[in-house]
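Structural overview for review
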Amino acid sequence: MTRDVEPAVSSLDPQIPKLIKSAERILIVTHISPDGDAIGSLLGLGWAMRATEKEIILACADSIPSPFHFLPGYTYITREPIGSFDLVIGLDASDPQRLGTPWQRASQGQVPTIVIDHHVTNLAFGTVNWVDTRAAATAEMVFDLIKAMKLPLDHNAATCLLCGIVTDTRGFRTSNTTPRTLAIATQLMEAGADLNLITEQTLNRKPLAVLRLWGMALSNMQMRNQILWSTITQKMREETGVNENGDGGLVNTLISANEANIAVVFTEREENQIEVGLRAKPGFDVSKVALALGGGGHPQAAGCTNSGPLEVAQERVLTALEESLGQQEKS
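Presented here is a report on the structure given in the accompanying data block. Counting of residues starts from 1 at the beginning of each chain's written sequence and follows it residue by residue. Since the coordinates come from a predicted model, pLDDT governs what is reported: local features require at least 70, and pairs of side-chain atoms require 80 or more to be given and counted, while whole-chain, interface and lining totals use all residues. Hydrogens and water are ignored here; the side-chain numbers use all heavy atoms of the structure.

Pairs of cysteine sulfur atoms within 2.5 Å are identified as disulfides in what follows. Using the criterion set out here, one finds 0 disulfides in the structure. The structure places no disulfide on C60, whose sulfur is separated from the nearest cysteine sulfur, that of C163, by 14 Å. Buried residues are those whose accessible area, probed at 1.4 Å on protein chains only, stays under 20% of the maximum for their type, while exposed residues exceed 50% and partly exposed ones sit between those limits. Overall, C60 belongs to the buried group, its relative accessible area being 0%. With no disulfide of its own, C304 lies closest to C60 among cysteine sulfurs, the gap being 18 Å.

What follows concerns the pairing of strand β9 (residues 273-280). Secondary structure elements are taken from DSSP: a helix is a run of H or I of four residues or more, a strand is a run of E of two residues or more, and numbering for both begins at the N terminus. Burial within β9 is extensive, with 6 of its 8 residues counted as buried. By the convention used here, strands pair only if DSSP detects at least 2 bridges between them. Judged from the 7 bridges that link them, strand β8 (residues 262-268) and β9 form a sheet pairing that is antiparallel. Counted as the bridge partner of F266 is V276 from β9. Connecting β8 to the next strand, β9, in antiparallel fashion are 4 residues, including E271 with a positive phi near 55°.

We now examine the layout of surface pockets. The computed volume of the second largest pocket comes to approximately 520 Å³. Around the second largest pocket, the lining comprises 21 residues; the ones closest to its centre are I32, A61, G100, T101 and R269. Looking at the lining of the second largest pocket, the elements that each hand over two or more residues are α3 (100-106) and β11 (301-307). Residues are grouped as follows: nonpolar covers Ala, Val, Leu, Ile, Met, Phe, Trp, Tyr, Cys and Pro; charged covers Asp, Glu, Lys and Arg; every other residue, Gly included, is treated as polar. Looking at the lining of the second largest pocket residue by residue, the class counts come to 3 nonpolar, 9 polar and 9 charged. Using protein atoms alone on a 1 Å grid, points that fit a 1.4 Å probe yet trap it form a cavity, whereas open point sets bounded by protein on both sides within 12 Å along at least five of seven lines form a pocket; residues with an atom within 4 Å of a point count as lining. Grid points are joined across faces, edges and corners, and a volume is the space filled by probe spheres set on the points.

The strands making up a sheet associate through backbone hydrogen bonding, with each pair oriented either parallel or antiparallel. One open sheet holds the 5 strands; their spatial order is β2-β1-β3-β4-β5, and the pairing between them is parallel. The sheet terminates laterally at β2 (55-60) and β5 (128-131), the two strands that pair on one side only. Within the sheet, the average angular offset between the axes of one strand and its neighbour, ignoring direction, is 15°. Judged from the 5 bridges that link them, strand β1 (residues 25-30) and strand β3 (residues 87-91) form a sheet pairing that is parallel. Each residue of the ladder has a partner; that of I26, found in β3, is L87. Contacts are assigned to residue pairs with any non-hydrogen atoms lying within 4.5 Å of each other. Axes here mean lines fitted to C-alpha atoms, for a helix over just the part in contact, with angles spanning 0 to 180 degrees between N-to-C directions. Seen against the sheet, helix α1 (residues 15-22) touches β1, β3, β4 (113-117) and β5 and runs at an angle of roughly 125° to β5. The sheet contacts of helix α4 (residues 138-148) involve β3, β4 and β5, and relative to β4 the element is tilted by about 125°.

When you line up the elements, L42 lands in helix α2 (residues 36-49). Under the relative-accessibility criterion, L42 is labelled buried at 0%. In this structure the C-alpha to C-alpha distance between L42 and D92, which are 50 residues apart in sequence, comes to 9.0 Å.

Next up on the list: the packing of α2 against α4. The N-to-C vectors of α2 and α4 enclose an angle of 10°; their axes lie 8 Å apart at closest approach. Viewed along their axes, α2 and α4 adopt a mutual orientation that is roughly parallel. Contact with α2, carried on its side by D37, S41, G44, L45 and A48, involves T138, A139, V142, L145 and I146 of α4 and no other residues of that element. Classifying every residue of the contact of α2 with α4 gives 6 nonpolar, 3 polar and 1 charged. Working definition: roughly parallel below 35 degrees, roughly antiparallel above 145 degrees, roughly perpendicular at 65 to 115 degrees, and oblique for all remaining angles.

So, in structure tokens, the structure goes:
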């Protein structure tokens, strides 16, 4: 039997369990264009919280991408939560705009809010903020919270949390993957999570429509200095039948180009909004540019949402990246 390694929970603010225990109707929200860590953390905490007999509502402003439909309970996530709440918890988002309308509507007034996140650019916008940049994924922190509150960790919660860790570390390959990350993953597998299933569903498969979308975007990619970038328009999504926001992970493929130190994908959203996905090679940092443009993230993986038109947003972002890249190369 694998030795049980108990992760440290010293950074967990003691106010968080107290606020959760005193609340009766709790809204848990994750960010727009949700990735595996966002959805996995949301569902993992939701499954564990079922044991408290509190009313738990899970929300995300955007629909759940099809690669994550294998996760138990994804149909319970609503885009428009109704009613009032006595506690709101935001997961895996460094700023309130990323949490969309569910957060903005529910967090008004005197409702206490908790922010749980691992991004270095977090703005500490909650009543209580637990930000641990050492964590490889927000799912690690949710695991700690579950342990600290002595909530049950069944195979449903374990599956969702392991999905968060696997996707945010790209299969345990990112530089912030630690022995502690692997220890938590081991415990989640012992609780019933299927690592092979999660890896296959999230990293090794893509819908045919997404591959066609990628084909169109790859044929139009451009190089500007050491920045490789491409665009996904609403028209391209319509032509390929892709109804979900985001780039489907395309930016992770672009950064694999030998000639690029930074990769960018611009994705048109509704209401003249442009979603910007940023990636950097080790040794380079895109988080500062993302933060300056109203977003956030990690040094090597960040993003933001800018107002259009598309060409204006592209020039704004690319110019900022060129300036940042020049400063980084001089230092």
